[in-house]
Amino acid sequence: MYPVLFFIFAGLAVAGAISLLVQRQPIYSALSLVAVMGALAALYLLLGAEFVAAIQIIVYAGAIMVLFVFVIMLLNAQPAEAPGRSRVARALGYPLLGILIAELGGMVAAHFQNVKLTSGEYVVHVAQIGDALFRSYLLPFEATSILFLAGILGAVLLAAHTEDEAPGKLYIGEAPPEPNLIPYDSTEGSTTYNGAGQPVRTDLPAHPSSEEVRS
Amino acid sequence: MHVPADYYLRILPELVLTATAVLIMLIEGGARLGSRAALSGTVALIGTAAALASVAVQSAHRGEAFSGMFRVDGFSLFFHGLIIAATLIVLLLSIGYLRAQRLQRGEFYALLLFATVGMCLMAGSVELIMVFIGLEISSICSYALCGFWRASARSSEAALKYLLLGSFATAFFLYGIALTYGASGSTNLYVIARSLSDVLAGHGSLILVAAALMFVGLAFKVSAAPFQVWTPDVYEGAPVAVTAFMSAGPKAATFAVFLRIFYVALGRYSHTWFWMIWVAAILSMCLGNLGALRQTNMKRMLAYSSIAHAGYVLVAFAALGEHGISAAMFYLACYVAMNLGAFAVISNLAQQNERFIDLHDYAGLGFRFPLQSVCLTICMLSLIGIPLTGGFLGKLFIFKAAFQNHLVGLAIVGLLNSALAAYYYLRVIAFLYMRPATVEVSQPQRSLSMNVAMVACAVGVLWLGIAPNSLLNFVVHSAGALTGR
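Now for a look at the structure at hand. (Residues numbered from 1 in each chain as written. Chains lettered and ligands numbered in written order. Predicted model: local features only at pLDDT ≥ 70, side-chain atom pairs only at ≥ 80, totals over all residues. Heavy atoms only, no water.)

So, the overall build of chain B
In terms of regular secondary structure, chain B is built from 19 helices and 2 strands. If one aligns the C-alpha atoms of chain B with their principal axes, the spans along those axes are about 70 × 55 × 40 Å. Within the span of chain B, comprising 485 residues, buried residues form 66% of the whole. Relative to all contacts within chain B whose residues are 6 or more apart in sequence, the contacts with residues 24 or more apart total 81%. Surface summary for chain B: the accessible area is close to 15,700 Å², and the carbon and sulfur share equals 69%. Positive and negative charge centroids in chain B, built from 27 and 17 side chains respectively, lie 6 Å apart. (Helix = DSSP H or I, 4+ residues; strand = E, 2+ residues; numbered from the N terminus. Buried < 20%, exposed > 50% of the residue type's maximum accessible area, 1.4 Å probe, protein only. Contact = heavy atoms within 4.5 Å. Areas by Shrake-Rupley, 256 points an atom, 1.4 Å probe, with all protein chains shown as cover. Lys, Arg positive; Asp, Glu negative; His and termini not counted. Charge placed at Lys NZ, Arg CZ, Asp CG, Glu CD.)

Some points on the overall build of chain A
A count of helices and strands for chain A gives 8 helices and 0 strands. Written out in order from the N terminus, the α and β elements of chain A read α-α-α-α-α-α-α-α. Looking at chain A residue by residue over its 215 residues, the buried ones come to 23%. Of the contacts made within chain A by residues no fewer than 6 positions apart, 61% connect residues no fewer than 24 positions apart.

Side note on helix H1 (residues 2–22) of chain A
Residues and elements named next belong to chain A. Between its terminal C-alpha atoms H1 stretches 30 Å, which fits the 30 Å expected from 21 residues at 1.5 Å a residue. Buried within H1 are the following residues: Ala10, Ala13 and Gly16. Summarising the axial view, the buried residues of H1 lie within an arc of 120 degrees, below the 170-degree limit, and thus occupy one face. Lining the buried residues of H1 we find helix H2 (26–46). (Expected span 1.5 Å × (residues − 1). Arc of directions from axis to C-beta.)

Considerations on the nonpolar core
Ranked by size, the top nonpolar core spans 205 residues in total, and within it B:Phe79, B:Ile261, B:Phe262, B:Leu266 and B:Met380 carry the most contacts. In terms of residue count, helix H14 (residues 322–350) of chain B provides more of this core than any other element does, 21 residues in total. Those residues in contact with B:Ile261 that lie beyond four places of it in its chain are B:Leu128, B:Phe173, B:Leu189, B:Met214, B:Leu218 and B:Leu266. Within the second largest apolar cluster, 7 residues are counted, among which are A:Ile27, A:Ala30, A:Leu33 and A:Met37. (Core = buried A, V, L, I, M, F, W, Y, C linked by side-chain atoms within 4.5 Å.)

Some thoughts on unusual backbone geometry
Residues and elements named next belong to chain B. In the segment running from Ala225 into Pro226, the intervening peptide bond is cis, with an omega of 0 degrees. Assignment of secondary structure puts Pro226 in the loop between helix H9 (204–221) and helix H10 (231–237). Phi at Ser223 is positive, roughly 50 degrees, even though this residue is not glycine. Residue placement: Ser223 occurs in the loop between H9 and H10.

Side note on the packing of helix H5 (residues 107–124) of chain B against helix H6 (residues 128–146) of chain B
Residues and elements named next belong to chain B. Relative orientation of the contacting elements H5 and H6 amounts to 155 degrees, with a least axis distance of 7 Å. In this view, H5 runs roughly antiparallel relative to H6, as classed from their interaxial angle. Seen along the crossing, H5 lies across H6 with a hand that is left-handed. Across from Phe108, Leu111, Leu112, Phe114, Ala115, Gly118, Met119, Leu121 and Met122 in H5, the residues of H6 making contact are Met130, Val131, Gly134, Leu135, Ile137, Ser138, Cys141, Ala144 and Leu145. Across the contact of H5 with H6, the residue classes break down as 15 nonpolar, 3 polar and no charged. (Axes fitted to C-alpha atoms, helices over the stretch in contact; angles between N-to-C directions. Parallel < 35°, antiparallel > 145°, perpendicular 65-115°, else oblique. Left-handed = near helix turned anticlockwise from the far one by under 90°. Nonpolar A, V, L, I, M, F, W, Y, C, P; charged D, E, K, R; others polar.)

What about the environment of A:Arg24?
With respect to the element layout, A:Arg24 can be found in the loop between H1 and H2. Taking the C-alpha atoms as reference points, A:Arg24 and A:Ala80, 56 residues apart in sequence, are found 5.3 Å from one another.

Quick notes on helix H18 (residues 448–466) of chain B
Residues spaced three or four apart along an α-helix point in a common direction, a consequence of the helix completing one turn every 3.6 residues. Helix length check: H18(B), at 19 residues, gives a terminal C-alpha distance of 26 Å against a target of 27 Å (1.5 Å per residue), a fit within 8%. Among the residues of H18(B), B:Ser449, B:Met450, B:Ala453, B:Met454, B:Cys457, B:Ala458, B:Gly460, B:Val461, B:Leu464 and B:Gly465 are the ones counted as buried.

Concerning the packing of aromatic side chains
All names here are of chain B. A complete count under the given rule lists 30 aromatic pairs over all chains for this structure. Both rings, one in Tyr143 and one in Tyr162, keep their centres 5.1 Å apart while their planes meet at 90 degrees; by these two values the pair is edge-to-face. Taken together, the residues Tyr143 in helix H6 and Tyr162 in helix H7 (residues 153–184) connect sequence positions 19 residues apart. Judged by its relative accessible area of 7%, Tyr143 falls in the buried class. Measuring from ring centre to ring centre gives 6.1 Å for Tyr263 and Trp273, while their planes differ by 75 degrees; the resulting arrangement is edge-to-face. Taken together, the positions of Tyr263 in helix H11 (residues 240–265) and Trp273 in helix H12 (residues 270–293) put the pair 10 residues apart, joining distant regions of the chain. (Phe/Tyr/Trp six-rings, centres within 6.5 Å; stacked < 30°, edge-to-face > 60°.)

Structural notes on the pattern of salt bridges
Residues and elements named next belong to chain B. Across all of its chains, the model carries 12 salt bridges over all chains by this definition. With a shortest N-O distance of 3.2 Å, Arg300 and Asp233 are connected by a salt bridge. Highlighted residues: Arg300 in helix H13 (residues 298–318) and Asp233 in helix H10, separated in sequence by 67 residues. For Arg300, a relative accessible area of 17% puts it in the buried group. You can call Asp233 partly exposed: its relative accessible area is 29%. Residues Glu236 and Arg300 are paired through a salt bridge, measuring 2.6 Å at the closest nitrogen-oxygen approach. Of this pair, Glu236 sits in helix H10 while Arg300 sits in helix H13, and the two are 64 residues apart along the sequence. Take Glu236 and Arg300: they sit in the same class, and that class is buried. When salt bridges with common partners are traced through the structure, they connect Arg154, Glu157, Lys161, Asp233, Glu236 and Arg300 into a single cluster. (Salt bridge = Lys/Arg side-chain N within 4 Å of Asp/Glu carboxyl O.)

Describing the state of the cysteines
Under the definition given, this model contains 0 disulfides over all chains. Lacking any disulfide linkage, B:Cys457 is separated from the closest cysteine sulfur, that of B:Cys379, by 6.2 Å. (Disulfide = S-S within 2.5 Å.)

Focus: the side chain of B:Ser155
Positionally, B:Ser155 belongs in helix H7. Each residue touching B:Ser155, except ones within four places of it in the same chain, is listed here: B:Cys146, B:Gly147, B:Phe148, B:Trp149, B:Gly237 and B:Pro239.

The structure is reproduced here in C-alpha cells:
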C-alpha cells in the first residue's frame, strides 16, 4: 500500500513541478505550486512526519501561496512571452539533461533492489520537536527571530517611502535629470559634473511618483 | 530549560548589540522627528562601544555554549573584536555621512547593528545551522542597507543585484551543508571532523561536492573570483558608508567561517579542496588588480581592490596550517583598518549626493584638506604594502607562509600583483599632491565623528605596521587553538 501511495504522490509532485515551469499564465504556475506543496505534505505524512506535514500545508500551501496569488492578481500579471531561445543553450542543455536523466536512472536501477519503501517507523511527535527546538537548538531558534526582525525592518525601510525620496529620482555621480528637483546648495556648473565622462542615463523610465512631484 | 549564566556571558556582545538595535527601533517609533536621528546615532555608538567592552567579559569565559553550538576561543574572540571595532568605525563615519546626504533615519543604525550580530554569530559558531543563520542575518541587512538611499537609482539597482545573486549563493551554501550532513550525519563542525575520520573511504566524492558548494557560497560573500562579478556594481551603487561596511565586517566574518569550516571540519580532506582555493586566489588577485587599473571612480576602484585583497587572504588560506591561519587573521585586521580609513575619507569628501567621488575630483586636494589627504595617503600606502604600515607586514606574513609551504608559484603571482596594484594606489596620491585642481571641490562638512574615524584608522594602520607584537602573539595563539593544539 505504501509504495503505491508514495508513487502516486511523488508523481503528482513531479508533474506539478513540470507544470509550474511550462505554464505561460503566472496564476497557473502558482496553482501548480500549490499542487506540489500538497503532494509533498502527503509524502511527509507517509514518512510519519505529521507535524512537518501540517506545517507544510499551513505555511506553504496556506500563507505563502495565498501571498503569491494575491501579488499575481494585484499586479495583473500578463502571460509570459516565450524567451528567445539561444542556440547554445539548446545545444548544451538537451544533451546535459539527457545525461542527468540517464545517470539518475542508472543509479535508481542499480540500487532499486536494496531499497525498501517503509514508512511510519520513525514517528516524530510534536513534543520531541519542541524538545529539540527549545533545548539543543535554542540558540538557532532565537537567532532566527533576529533574522526575521531584521528582514521585516529592511522590507519596511525599502517599501515605505515619503514623497521626497521616491525611488530613482537621483543618479549618483551623474548629472541630475532635472537640477531643480535636487536640493543642491551650489551652482549648477559644478553639480552637473559628469563623473568619468560616463554618458548621462536618459533611457531609464521615470518613476511614476516623480511625475507628480514635477507637476 | 535551565540555561547556565555562563552561556549568556559567552554571547554577551551579541546580546548587547541586539538590545541596542531593538532600543533604536523603539526610539524611531517614539521620539520626536527632529531629535531622533541624532539620538539613534548616539545610542548605536554607545551600544557598540559596550559590545566591544563586553568582548573582554567574553574572553574571561572561554568555552562552549548552547549544546556546543557556540564556542568562545581565541579565534572567535579575535573576530568578535575585529567585527565590532569595524562596526564602530562605520558608525562614526556614517553619522556624519548620513547628515551630509540628508538621509538621517535610525533604521540604518538598527540594520547595521543587526548585521553585526549576525557576523558575530558567524565568528563564534561551530555549528553549520548557526553559521547559516548568522550569514543570513548579515546578508539580509546588507541587502536592505544597499538600497537605503532610495532616491538614487544606482542604490536600488545595487540592492536588487546583490539580493538576487546573494540569495543564489546562499542556496549553494545551504546545499553544501545538506550534503555535509548527508556524508557525516552531523552539522557540528567538530563532530563532522570526527565522523569523517572514522568513515574514511566511500564518502570522498560526496565531501568534495559539499566542499565545492560551500566554497561557492562563501567565495561569493568575500567576493573572490570567479564569483566576484557583483562586487563593482554593488560597491559603486551603495551609499559610501554601506560600501565601507560591506568591505570590512562581512568579509572578515565570512573568512572566519571559511577557515573554521575548511580547517576544522574538512581538515582531513585538504588535498581535495586545496586546488579550489589555489585557483580562486590566483584569479582573484589577477582579475581584481587588472580591473582596478582603469577605474577612476573611487568606489569602483576600491571594489576591484577588495577582490584582489580577498585573493591575498586566500593565498594565506592555501598555505594550510597555523602559519597560514595566523597570516590570514593578521592580514584581515590590517585590511579592515586600511580599507575603512580610505572609505572614511571618501565618504567625507563625497558630500551631498556623492558629487565628488571621482579620482579627478581629488586633484590638488592634498594641501587644501590636509587631514583627509594624510589619512588617505597612509591608507593607500598600506594598501600597496609599504613598510611601516600594517599592509606591509600583512603581505609579508602571507607570502612567508606561502613560501614555507612550498607554494612558490602562488607567492610569485601575489608579489607581481602587489607591484601591479601599486600603480593605481599611487595614482591617487599623485592626484592628491601633484595635479592642479580641475574641479572646484567645496569644503567638506565638518564632522567630529568622521574625523575620529579617519584618524583612528590611520593610527591603527601605523600601529599594526610598527608595533604589531601583541596582536601577532594573540593571533598565533588563537590559530593554534583552531587547529586543536
